[in-house]
Number of protein chains: 2
Amino acid sequence: MSYIEQLIEILSKEQVSTNPTMLEQHSHDEGYHASSLPDVVVFPKTKDEVSKVVAFANEQKVPVVPFGLGTSLEGHVIPYNGGISLDLSLMNQILDVRNSDFLVKVQPGVTRSQLNKELKKYGLFFSVDPGADATLGGMAATNASGTTSVKYGIMRDQVRDLEVVLASGEIIHTGGMSAKSSSGYHLNGLMVGSEGTLGVITELTLRVYGIPESIMAARATFPDVQAAVDAVTTILTSGVPIARIELVDDRSIHQVNTYNELQYEEKPTLFLEFHGNEAGLAQDVEFTKEIVTDLGCSDIQFESDTKAQTQLWEVRHNLAYSFIHGFPGKKMMVTDVSLPLTELAGAILDARKAMDAVQLDGALLGHVGDGNYHALLMIDMNNVNEVQKAKEVNEHIVSYALQRGGTCTGEHGVGIGKSAYQQREHGPAYEVMKAIKLALDPNGILNPGKIFVD
Amino acid sequence: MSYIEQLIEILSKEQVSTNPTMLEQHSHDEGYHASSLPDVVVFPKTKDEVSKVVAFANEQKVPVVPFGLGTSLEGHVIPYNGGISLDLSLMNQILDVRNSDFLVKVQPGVTRSQLNKELKKYGLFFSVDPGADATLGGMAATNASGTTSVKYGIMRDQVRDLEVVLASGEIIHTGGMSAKSSSGYHLNGLMVGSEGTLGVITELTLRVYGIPESIMAARATFPDVQAAVDAVTTILTSGVPIARIELVDDRSIHQVNTYNELQYEEKPTLFLEFHGNEAGLAQDVEFTKEIVTDLGCSDIQFESDTKAQTQLWEVRHNLAYSFIHGFPGKKMMVTDVSLPLTELAGAILDARKAMDAVQLDGALLGHVGDGNYHALLMIDMNNVNEVQKAKEVNEHIVSYALQRGGTCTGEHGVGIGKSAYQQREHGPAYEVMKAIKLALDPNGILNPGKIFVD
C-alpha cells in the first residue's frame, strides 16, 4: 500500500487529493520562486487528524509542508522535496471571543478579514495587516506584520498561545491566556516565525484591541527622503500616537499619478494615521504640522472623515497595482529588509540607485516606523538577464542592510528566498537555530529546505 | 592545581574571590529561599573573559551561576550545586545611546536607574520598572516587568539583541538593531527569561521611548475588587492611553493608613497613570471619571502636578514597607501569578480568603492591566508551621491561576521557587524546553537546578 493510500485510511477519501489541479494549486505561493508539486494534498479537520498525519509522515520520513492560503512571498509553502501539502483551510473556525480579556481563540485557517468582521461586533479589532488576506496560522508561521506594527506590534506580539503538533505527532501548547508570563522558555516566540519547520500550528490564542475612539489620517510631501525620515523620528520621540506611517518615494508617486490620472506632488510622501481621542488628535495635528513644516514639508493634508481617509490611503494601496499596470507581462519581486531608523533614508536612496544602475524600475515604499521598506521590482521572468539583475539588486539591498545592523527580512520571512543570507546575518547563532531544529525535528520532515540551507 | 587556581590563571588574582564574606553575598537573593555558597566568585570584565571562564567550566563540568545584583526573588542566583558565581557587576558600562534609533547598547551590570539617568539627557526613558533597581542583564534573564508593561510591554518586548556566551564559550548575537525581523528563529525571545540556563548575557541592545509630553495620575476607590477590575476592562477597551494601573485591596490600604498616619478610604483602590498630550489627557480624565462613577467609584482624585503625583504613588510604593514595619521579625514571601483579566478579581478575593483561612496576613496588589497580582505574605521563617502555611497559600494561589489559563509567574521567573509547577503549567511543552536545554547545554553547567526539576 502506498503512503498516499495509507493517508486515506488515516483520514478519509475526501480529505486526500492527488488531483493535478489541486497539486498545482499547492505548488507555488504569490512570490517569484519556482514551483514544485507535492505528492499529495491532505485536508485535516481537527488537531488529532493533523497529529495522526504528521506522526505517520515522521515514521515514513515523508516531508510535511503546512499550507494556509499560499499568500507567502518567499516560497515558504512550496514542497521542493515533494511529500504532503498539509492544507489547513478546513480548520477555519473562530472558536472563542473573550472580549473582556482582549483575546480570541481561532483555528489556523481563519483569515484576518474573517476575524475582523467578527470582532467588530464587540468593538474590537485584530491589528496585524499584511498586504494579503492571509490566514492567521500562516501569519504566525512567518511572523507577519504590516502598516500598524509601529503602534500595535508584529504578529509575535499578538500571540498568547499556540497549539502545535510536533514532528512526533505530540500536541503542545506554547503559552497561556495571561497577558504576561516569566514561566519557562518562550516557546510562543520560538514557534512564531519558524515557518512550519518546528511544528504545525493547529490553534492560536491572539491578543486583540479596542477600536480607537478617533482616527486621523494625513499625507505629507517632503523635499527629500531624509527629511521625511527625520520627521518620523521627531514624531516618534514626541510620543504622538502614530498608528501607521508609510513612506513612498517620488518615482512611485509619479507612477500612481500616471496610472490613476491623479496630480499628487511627485515628491517623497508620508502617509500617516493617528489613533486616539478627539481632543488629543486635534493637538497632535497641530504638533505634527509644526514638525513637518520645520523639516521643509511643502504640503500636508489631514483627513478626519472616514471616506476621505479611505481615498487618501487608496494612493498608497494602489501603488503595487500602478506598477503592475504599467509593466504588462512583468512579475513583481519584492525585497523586504529592515534597518535601524537612522539608516533607512540612506538605504532607500541607495536602493533606487541600484535599481537605476541596472535599469530595473519599480516602487519603493517603507513602513518607516519600523525601519522596514520594500522595493517592488518589475521583472520579466522569461528574461534570464533581467531575473539575474533583480537578484543582484536584492543581494545588494540585503548586503547594505546587514552591514548596518539590519535584517534580510522584516516581515515576509526566510522561506527559500532568504535562506542563503541566514548564516551571514546570524553568524554562529545560525548553528544554535540548527541545533534547535535537530532537537525538535530529528528526521527533518517539517518543511524541509526552508530557513536552513541544507 | 585546583580549578579555582586555574580560574586565577585565566583571569587575574583580583578577579577571583573565595573570601567568605564574598561567598556569603553570592549565596542568596532577596527572596525567602535557603542560601547556598558558591565555591568561588569571579568578576569578568569583558565578554572574552566570560567566554574563557564558561568554556573552562564546561570542560571541567563545574556549574556557572550568573549574578547581577542578587535582587531576584525565586532563588535564581543561588548556587545550590556550588561552582562559580559569575558576578557581572564590573561590566556596567552604557556603551552607546542611539537616540534617533530609540536604542541603547549596555553591558549586563548596568542598572535600570543608571540607564534612565543617562537617557534623560536625550528626552528618553527605559520603561521596565521592577521593584528593585536590578541590573538589565538580570532583568532580561528573568523577563522582568513592573507597573508600565500595560502600555510599554515587558522586558522581552524591549530586547532587540543580546550578546550571549553559550555553554561552549562561543559568543552569539540573538538579534539585531532593526525594530522588527522575520529572519530565523526568535533567539532573543528564547534567551530572555531563560534565567542563565542557556547562556550568559554579556551585552544588551534595548528599545527606549520618548518621555511623554504630559502625565496624569489618579487614585480611585471602589466598593469591591470586581468593580475596580471592571473599570480597568472598560478603560482598556476605550483605548485610553493607560501607562500604569495598579490595584490595592482594602486590607492593604488599612495597613498603609495605620503605619503612615493617613486617612485614605479603606476600599479597593486603583492607582492610575496616563501618558499623552495635554488636550488628550484632559479628555481622558473626563471619560475615566464617567467610567468609574458608573461602576460605583466613591472617590477619584486626579493629579497633574509632579509633586502631587509622587505623593499619590507613595501610598502604593509604601505598601510593602507598611507590612514589614507592622510585622517585626517576619519576612515577606511574594506570590506572582498572572491570569486572564476576567479571572483577576476572583483570584484576588480567593487569595485573601486563603490567607485569612490560615491566619496569614499581608498585602494584595495587582498590575491589573496585565492580570498579574502579588500576595505579600508576612511569615516568621523560624516558625515551621507558618512557613508551611505560606507554602500552602502559594500552592493554592498557583493552582487557582493554572486552572484558569494563567501562569505561575507573571514577572519574577521560575528559579527554584516555581520549578515544581513547570510540568503542570506547560504539559508536554515542558519536554520541549528540556530538549532545548539539552541541545544548548549538554553538560548542564549553566545555572543547574533552575527552571527544571532535575
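Residues numbered from 1 in each chain as written. Chains lettered and ligands numbered in written order. Predicted model: local features only at pLDDT ≥ 70, side-chain atom pairs only at ≥ 80, totals over all residues. Heavy atoms only, no water.

In plain terms, the rule: UniProt positions are given in the numbering used here, feature names are shortened, and annotations may be inferred rather than shown by experiment.
In the nomenclature of an unreviewed UniProt entry, chain A corresponds to D-lactate dehydrogenase (cytochrome) from the organism Halalkalibacter alkalisediminis. Per UniProt, chain A carries the Sequence similarities (unreviewed entry) text "Belongs to the FAD-binding oxidoreductase/transferase type 4 family." Of the comments in the UniProt record for chain A, the one headed Cofactor (unreviewed entry) reads "FAD".

1. As for the pairing of strand 4 (residues 84-87) of chain A
Looking down a regular strand, the side chains alternate between one sheet face and the other. Residue and element names in this part refer to chain A. Our working definition: Exposure classes here rest on a 1.4 Å probe applied to the protein chains alone. A residue is buried below 20% of its type maximum, exposed above 50%, and partly exposed in between. Strands here mean DSSP runs of E at least two residues long; helices mean DSSP runs of H or I at least four residues long; both are numbered from the N terminus. A pair of strands is considered paired only if DSSP assigns at least 2 bridges between the two.
Burial of the side chains of strand 4 extends over both faces: Ile-84 and Leu-86 are buried on one face and Ser-85 and Asp-87 on the other. Note: strand 2 (residues 40-42) against strand 4, three bridges, orientation parallel. Bridging across to strand 4, Val-42 finds its partner in Leu-86. In this sheet, strand 4 lies alongside strand 3 (residues 64-67) in parallel orientation, the contact comprising four bridges. Within the sheet, the bridge partner assigned to Pro-66 lies in strand 4 and is Leu-86.

2. Observations concerning the interface of chain A and chain B
Using the following cut-off: Residue contacts are defined here by distance: any two heavy atoms, one from each residue, within 4.5 Å place the two residues in contact. Two parts placed together each lose some accessible area under a 1.4 Å probe, and the buried area is that loss summed for both. The salt bridge definition used is simple: a Lys or Arg side-chain nitrogen within 4 Å of an Asp or Glu carboxyl oxygen. Each polar contact in these results corresponds to two N or O atoms within 3.5 Å; when the atoms are within protein, one needs to be able to donate a hydrogen and the other to accept it, and residues that are neighboring in sequence are counted only if both atoms are side-chain atoms. Amino acids are sorted into nonpolar (Ala, Val, Leu, Ile, Met, Phe, Trp, Tyr, Cys and Pro), charged (Asp, Glu, Lys and Arg) and polar (every other residue, Gly among them).
Across the contact, 83 residues belong to chain A and 83 residues belong to chain B. A per-residue breakdown of the area chain A buries against chain B is headed by Lys180(A), Ser182(A) and Tyr185(A), which together make up 16% of the total. At the surface where chain A touches chain B, the tally comes to four salt bridges. Note that Lys180(A) is salt-bridged to Glu411(B), the shortest N-O span being 2.8 Å. In this assembly, chain A and chain B are joined by 48 residue pairs in polar contact (both at pLDDT 80 or more). Taken together, the elements giving at least two residues each to the side of chain A that touches chain B come down to helix 7 (155-158), strand 9 (171-173), helix 8 (187-191), helix 9 (225-238), helix 11 (278-294), helix 14 (341-357), helix 16 (422-426) and helix 17 (429-440) of chain A. Considering each element in turn, the side of chain A that touches chain B owes the most residues, eight residues, to helix 17 of chain A. Residue composition of the side of chain A that touches chain B, grouped by class: 29 nonpolar, 38 polar and 16 charged.

3. A look at the side chain of Thr111(A)
Relative to the elements of secondary structure, Thr111(A) occurs in the loop between strand 6 (103-106) and helix 4 (112-120). Setting aside chain neighbours within four positions, we find Thr111(A) in contact with Leu69(A), Asp133(A), Ala134(A), Thr135(A) and Leu136(A).

4. Section: the relation of the copies chain A and chain B
The cut-off we apply is this: Our superposition of the copies is a least-squares fit, built on the C-alpha atoms of residues whose pLDDT is at least 70 in both.
Least-squares fitting of chain A to chain B yields an RMSD of 0.0 Å, with the superposition described by an axial translation of 0.0 Å and a rotation of 180°. In short, the pair behaves as if placed about a two-fold rotation axis. Considering only C-alpha atoms, the part of chain A nearest the rotation axis is Gly280(A), at 1.7 Å. Mapped onto chain B, 100% of the interface residues of chain A again fall at the interface, so both copies present the same surface.

5. So, the environment of Met155(B)
Within the secondary structure, Met155(B) sits in helix 7 (residues 155-158). In sequence terms Met155(B) and Val128(B) are 27 residues apart; their C-alpha atoms lie 6.3 Å from each other.

6. Remarks on the sheet that holds strand 18 (residues 372-379) of chain A
Residue and element names in this part refer to chain A. The condition that has to hold: With axes taken as lines fitted to C-alpha atoms, and helix axes fitted only over the stretch in contact, angles between N-to-C directions fall between 0 and 180 degrees.
Strand order in the open sheet formed by seven strands is 15-12-14-13-17-18-16, with antiparallel pairing between adjacent strands. One side of each edge strand has no neighbouring strand; the edge strands of this open sheet are strand 15 (299-303) and strand 16 (331-334). Looking at each pair of strands side by side, their axes are set apart by 20° on average, direction ignored. Examined bridge by bridge, strand 17 (residues 362-367) and strand 18 share six bridges and lie antiparallel to one another. Across the sheet, the residue bridging to His-367 is Asn-372, located in strand 18. Its contacts with the sheet put helix 9 on strand 13 (242-248) and strand 14 (269-276), and the angle it makes with strand 13 is roughly 170°. Lying on the sheet, helix 15 (residues 384-402) is in contact with strand 16 and strand 18; it crosses strand 18 at an angle near 170°.

7. Observations concerning helix 10 (residues 250-260) of chain A
Along helix 10 of chain A, the positions that sit buried rather than exposed are Ser252(A), Ile253(A), Gln255(A), Val256(A) and Asn257(A). Buried residues belonging to helix 10 of chain A abut strand 13, strand 14, helix 12 (306-317), helix 13 (319-326), helix 14 and strand 17 of chain A.

8. Side note on the packing of helix 1 (residues 3-10) of chain B against helix 3 (residues 47-60) of chain B
All names here are of chain B. Under the convention used in this document: Any angle from 65 to 115 degrees is called roughly perpendicular, while one under 35 is roughly parallel, one over 145 is roughly antiparallel, and all others are oblique. Throughout, a crossing is termed right-handed when the near helix is turned clockwise from the far one, and left-handed when it is turned anticlockwise from it by less than a right angle.
Between helix 1 and helix 3, the shortest axis-to-axis distance is 10 Å and the interhelical angle comes to 155°. Of the possible angle classes, the one that applies to helix 1 and helix 3 is roughly antiparallel. Like other packed secondary-structure pairs, helix 1 and helix 3 cross with a definite hand, here right-handed. Across the interface between the two elements, Tyr-3, Gln-6, Leu-7 and Ile-10 of helix 1 pack against Lys-52, Val-53, Phe-56 and Gln-60 of helix 3. Its residues assigned to classes, the contact of helix 1 with helix 3 comprises five nonpolar, two polar and one charged.

9. Side note on the side chain of Ser238(A)
Inspection of the secondary structure puts Ser238(A) in helix 9. Given a relative accessible area of 18%, Ser238(A) falls into the buried group. Polar side-chain contacts of Ser238(A) include one of 2.6 Å to the backbone oxygen of Ile235(A). Polar contacts involving the side chain of Ser238(A) include one to the main-chain amide nitrogen of Val240(A), which spans 3.3 Å. Not counting residues within four places of it along the chain, the set of residues in contact with Ser238(A) comprises Phe287(A) and Glu213(B).

10. Examining the domain arrangement of chain A
Interface size is commonly expressed as the accessible area that is lost once the parts come together. Residue and element names in this part refer to chain A. The following threshold applies: Source of the domain bounds: an automatic or database domain assignment.
Domain annotation of chain A identifies domain 1 (3-89), domain 2 (94-210), domain 3 (214-321) and domain 4 (329-413). Here domain 1 and domain 2 have C-alpha centroids that lie 22 Å from each other. Opposite the 15 residues of domain 1 that make contact, domain 2 presents 21 residues. Roughly 1300 Å² of surface becomes buried between domain 1 and domain 2 when both sides are summed, with 69% attributable to carbon and sulfur atoms. Ranking the residues of domain 1 by area buried against domain 2 places Lys-47, His-76 and Leu-88 at the top, with a combined share of 33%.

11. Quick word on the sheet that holds strand 5 (residues 94-98) of chain A
Residues and elements named next belong to chain A. In space, the five strands of this open sheet follow the order 5-6-10-8-9, with antiparallel pairing throughout. Single-partner strands in this sheet number two, and they are strand 5 and strand 9. Along the sheet, successive strands turn relative to each other by an average axial angle of 10°, direction set aside. Packing of helix 4 onto the sheet brings it into contact with strand 5, strand 6 and strand 10 (200-207), and relative to strand 5 it is tilted by some 40°.

12. Some details on the packing of aromatic side chains
Filter applied, for reference: Side-chain rings of Phe, Tyr and Trp (the six-membered ring for Trp) are treated as a pair once their centres are within 6.5 Å; stacked means planes under 30 degrees apart, edge-to-face means over 60, and tilted covers the remaining angles. By the criterion adopted, a ring carries a charge over it if an Arg CZ or a Lys NZ lies within 6 Å of its centre and within 35 degrees of its normal.
For the structure shown, the criterion picks out 16 aromatic pairs over all chains. Ring centres of Phe323(A) and Phe327(A) lie 6.2 Å apart, and the angle between their planes is 10°; on these two criteria the pair is classed as stacked. Judged on exposure class, the residue Phe323(A) and its partner Phe327(A) are both buried. Feature note: the residues Phe125(A), Tyr152(A) and Tyr209(A) constitute an aromatic cluster, connected by ring pairs. The ring of Tyr152(B) carries the charged tip of Lys151(B) above its face, separated from the ring centre by 5.4 Å.

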